[in-house]
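A closer look at the structure
Each chain is listed here by its residues.
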Amino acid sequence: MHAVQYPGRANRFDEEPPDDLLRLAAGVADALEPPADLPLSLFGHSLGAPVALETARELQRRGIKIEHLFASGSCDAPLPAPFVGDEDPEEILEDLVRMGGIEAEMVADPIFQEVVLPYLIADNRMFHTYEMAPEPLLGCPVTTIVGDLDEDADRRPWSAPTTAPVQQVGVSGNHFYLVADPPYPILREALSAPRPSS
C-alpha cells in the first residue's frame, strides 16, 4: 500500500502546489507505476477521487491493469453546474471547518493559515477547472463511498468512465467520515470479490 503526497505538503512543502489535475495525475502515475503482474487498486477521497480516476486512466494507457477504483467523498450523479466563485481564503477556510475537516481553533492560527492556504487555494482552483473527459474508458469496477450527512460530496457520473459495474455505498458521517471510521471493510469486501477471468 502506498500513500500519495502532493507537492506543497509535508515533506514536499518546498515544491509549488499543483494547479493542473491531469499533470498531477501523470506525476502520480510516474511515481506509482508497478510491475505489470502486480494487482493495483486506487483510492481517492474528495479531490483525490478525480485524481485517482485520471491516474488510473494514465496507467491503463501504459498497459497497467487497474483492479478497482474507489471514489470516496463522491457520488454517482450528474455533474453540477460549473462553479462560479472566487478564491476567497476566508471562505475556503470556513468551508473546511463546516465540512468537518479541521477544528475552528486551528484555522484561526495565523501560522496554520500561512502553511495550508497556498495549497488549499491551489486545490480549489485545480478542482474547479478540471473537466472529466468521456474517454478513455476504464475496464475496472468503481465503488463510490459517500457519507449520509455529506452535503458537499463531489457529484460525478462515475458510471460514464468505465465499462465495468459501479456500486455506490453509503456510510455514516459527513464529508470527512473516514477520519473517524476508515472504510476498510468496504475495501476488503470489494477487493476480495471473485475477478472474472480475462
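Use the structure listed above.
The following paragraphs examine the structure supplied in this document.

1. What to know about the side chain of Glu-54
Tracing the sequence through the fold places Glu-54 in helix α2 (residues 48–61). A residue is classified by how much of its surface remains accessible, and Glu-54, at 6% relative accessible area, is buried. A polar atom in the side chain of Glu-54 sits 2.5 Å from the side chain of Tyr-130. Residues in contact with Glu-54, not counting those within four places in the same chain, are Leu-21, Leu-22, Ala-25 and Tyr-130.

2. What to know about the packing of helix α1 (residues 21–32) against α2
The contact between α1 and α2 brings their axes to 8 Å, and the two run at 60°. On the basis of their axis angle, the class for α1 and α2 is oblique. The handedness of the crossing between α1 and α2 comes out as right-handed. Taken together, the residues of α2 that come into contact with α1 (itself represented by Leu-21, Leu-22, Leu-24, Ala-25, Ala-26, Val-28, Ala-29 and Leu-32) are Pro-50, Val-51, Glu-54, Thr-55, Glu-58 and Leu-59. Taken together, the residues of the contact of α1 with α2 break down into 11 nonpolar, 1 polar and 2 charged.

3. Comments concerning helix α7 (residues 184–192)
A turn of α-helix holds 3.6 residues, and therefore any two residues three or four places apart point the same way. Among all positions of α7, only Ile-186, Leu-187 and Ala-190 are buried. One side of α7 holds all its buried residues, which, seen down the axis, span an arc of 95°. In α7, the exposed positions that point more than 90 degrees away from the buried face belong to Pro-185, Arg-188, Glu-189 and Ser-192. Where α7 is buried, its residues contact β1 (41–45), β2 (68–72), β4 (142–147) and β6 (166–171).

4. Details of the nonpolar core
Residues Leu-40, Leu-42, Leu-53, Leu-59, Leu-69 and Trp-158 are the most contacted members of the largest nonpolar core, which totals 26 residues. Breaking this core down by element, the ones donating at least two residues are α1, α2 and β2. For this core, the element with the most residues is α2, which contributes 6 residues. Setting aside residues no more than four positions away along its own chain, Trp-158 makes contact with Ala-49, Pro-50, Leu-53, Leu-69, Ala-71, Ser-74, Cys-75, Asp-76, Val-142, Thr-144 and Val-166. Core analysis: the second largest hydrophobic core is formed by 12 residues, Leu-93, Val-116, Leu-117 and Phe-176 among them.

The rules we used
Numbering of residues starts from 1 in every chain and runs along the sequence as written. A pLDDT threshold of at least 70 governs which residues receive local features in this predicted model, and a stricter bar of 80 or more applies before side-chain atom pairs are shown or counted, although totals over entire chains, interfaces and linings include all residues. In computing side-chain values, all of the structure's heavy atoms are included and hydrogens and water are not. By definition, any uninterrupted DSSP run of H or I lasting at least four residues is a helix, any uninterrupted run of E lasting at least two residues is a strand, and each is numbered from the N terminus. Partly exposed describes any residue whose relative accessible area lies between the buried limit of under 20% and the exposed limit of over 50%, with all areas from a 1.4 Å probe on protein chains only and scaled to the type maximum. Pairing of N or O atoms within 3.5 Å defines a polar contact, subject to two protein rules: one partner must be a possible hydrogen donor and the other a possible acceptor, and residues neighboring in sequence count only if both atoms are side-chain atoms. We call two residues in contact when some of their heavy atoms are within 4.5 Å. Interaxial angle, 0 to 180 degrees, is taken between N-to-C directions of lines fitted to C-alpha atoms, where a helix line uses only the stretch in contact. In what follows, roughly perpendicular refers to angles from 65 to 115 degrees, roughly parallel to angles under 35, roughly antiparallel to angles over 145, and oblique to any angle outside these ranges. By definition, any crossing whose near helix is turned counterclockwise from its far helix by less than a right angle is left-handed, and any crossing with a clockwise turn is right-handed. When residue character is reported, Ala, Val, Leu, Ile, Met, Phe, Trp, Tyr, Cys and Pro are called nonpolar, Asp, Glu, Lys and Arg charged, and the others, Gly included, polar. Throughout, the arc means that of the directions going from the helix axis to the C-beta atoms. Within this scheme, the nonpolar core is defined by two criteria: the residues are buried Ala, Val, Leu, Ile, Met, Phe, Trp, Tyr or Cys, and they are joined through side-chain atoms within 4.5 Å.

Nothing here speaks to function; it is geometry throughout.
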